[in-house]
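# Examination of the molecular architecture
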Amino acid sequence: MKFYEIAFSDLENLPFVADVRFYPSFLIFKKGKLVDFLEADNDDHAAAYTSLDGFQNWLTEQVIL
């Protein structure tokens, strides 16, 4: 697993992140394709933004650690 910190301005013109409207976000890619991402304006993702446990729960739904 690799983690990258990328400025939103570097992402905004890439076609695979067209649905990412707000920053910060966390995107998960598998074999070069976007699998899922956190949406800052999605109430279902609020826990992932507000607590470590919430983020861990969201992440482990997508990634086997």
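Please refer to the structure placed before this passage.
Note that the structure is a prediction, hence the values are computed from the model and not measured.

Along the chain, the regular secondary structure elements total 3 helices and 2 strands. Ordered by position from N to C terminus, the α and β elements of the chain give α-β-β-α-α. In terms of C-alpha radius of gyration, the chain reaches 12 Å, essentially the compact-globule figure of 11 Å for 65 residues. Each of the three principal axes of the chain carries a C-alpha extent, and together these read 30 × 25 × 15 Å. Here the chain, with 65 residues, has 20% of them falling under the buried criterion. In the chain, the share of contacts with a sequence separation of at least 24, taken over all contacts with a separation of at least 6, comes to 22%. Looking at the chain as shown, the accessible area adds up to about 5300 Å², and 52% of this sits on carbon and sulfur atoms. Averaging the coordinates of the 5 positive side-chain charges in the chain and doing the same for the 11 negative ones gives two points 15 Å apart.

Moving on: the packing of aromatic side chains. Enumeration over the complete set of coordinates arrives at 4 aromatic pairs. Ring centres of Phe26 and Phe55 lie 5.0 Å apart, and the angle between their planes is 85°; this geometry places the pair in the edge-to-face category. Placement of the pair is Phe26 in the loop between α1 (8-11) and β1 (27-30) and Phe55 in helix α3 (residues 52-62), with a sequence separation of 29 residues. Connected via pairs of aromatic rings, a cluster forms that spans Phe3, Phe26, Phe55 and Trp58.

Right, let's get into the pairing of strand β2 (residues 33-37). In summary, the side chains of a regular strand alternate between the two faces of the sheet. Two strands pair when backbone bridges link them, and β1 and β2 are joined in this way by 4 bridges, in the antiparallel orientation. What sits directly across from Lys30, in β2, is Lys33. The turn linking β1 back onto β2 is made up of 2 residues, and Lys31 within it adopts a positive phi angle of 50°.

Take unusual backbone geometry next. At Lys31, a residue that is not glycine, the phi angle is positive and equals roughly 50°. Take Lys31: its relative accessible area is 80%, and that puts it in the exposed class.

What follows is about the nonpolar core. The nonpolar side chains of a soluble globular protein tend to be buried with one another. Ile28, Leu38, Ala48, Trp58, Leu59 and Val63 together form the largest nonpolar core, which totals 6 residues. Excluding residues that lie within four positions of it along the chain, Leu59 makes contacts with Phe26 and Ile28.

What counts and what doesn't
- Here the residue numbering is sequential within each chain, running from 1 through the sequence in written order.
- It should be noted that, the model being predicted, local features are given only for residues of pLDDT at least 70 and side-chain atom pairs only at 80 or more, the latter also being counted only at that level, while totals for whole chains, interfaces and linings use all residues.
- Based on all heavy atoms of the structure, the side-chain values leave hydrogens and waters out of the count.
- Only DSSP runs of H or I covering at least 4 residues are called helices, and only runs of E covering at least 2 are called strands; the numbering of each starts at the N terminus.
- The globule rule used here is 2.2 Å times the number of residues to the 0.38 power, and the radius of gyration it is set against is calculated over C-alpha atoms.
- Throughout, exposure labels follow a simple rule: accessible area from a 1.4 Å probe, protein chains only, divided by the maximum for the residue type, with under 20% read as buried, over 50% as exposed, and the rest as partly exposed.
- Residue contacts are defined here by distance: any two heavy atoms, one from each residue, within 4.5 Å place the two residues in contact.
- For every accessible area listed, the method is Shrake-Rupley and the probe measures 1.4 Å; residues are considered covered only by the protein chains on display.
- The charge count treats Lys and Arg as positive and Asp and Glu as negative. His and the chain ends do not count.
- To locate a charge, take NZ of a lysine, CZ of an arginine, CG of an aspartate or CD of a glutamate.
- Aromatic rings from Phe, Tyr and Trp, with only the six-membered ring used for Trp, were paired whenever their centres fell within 6.5 Å, and each pair was classed as stacked if the ring planes differed by under 30 degrees, edge-to-face if by over 60, and tilted otherwise.
- Here the rule is simple: two strands pair whenever DSSP picks up at least two bridges between them.
- Only buried residues count toward a nonpolar core. Its members are Ala, Val, Leu, Ile, Met, Phe, Trp, Tyr and Cys residues joined through side-chain atoms within 4.5 Å.

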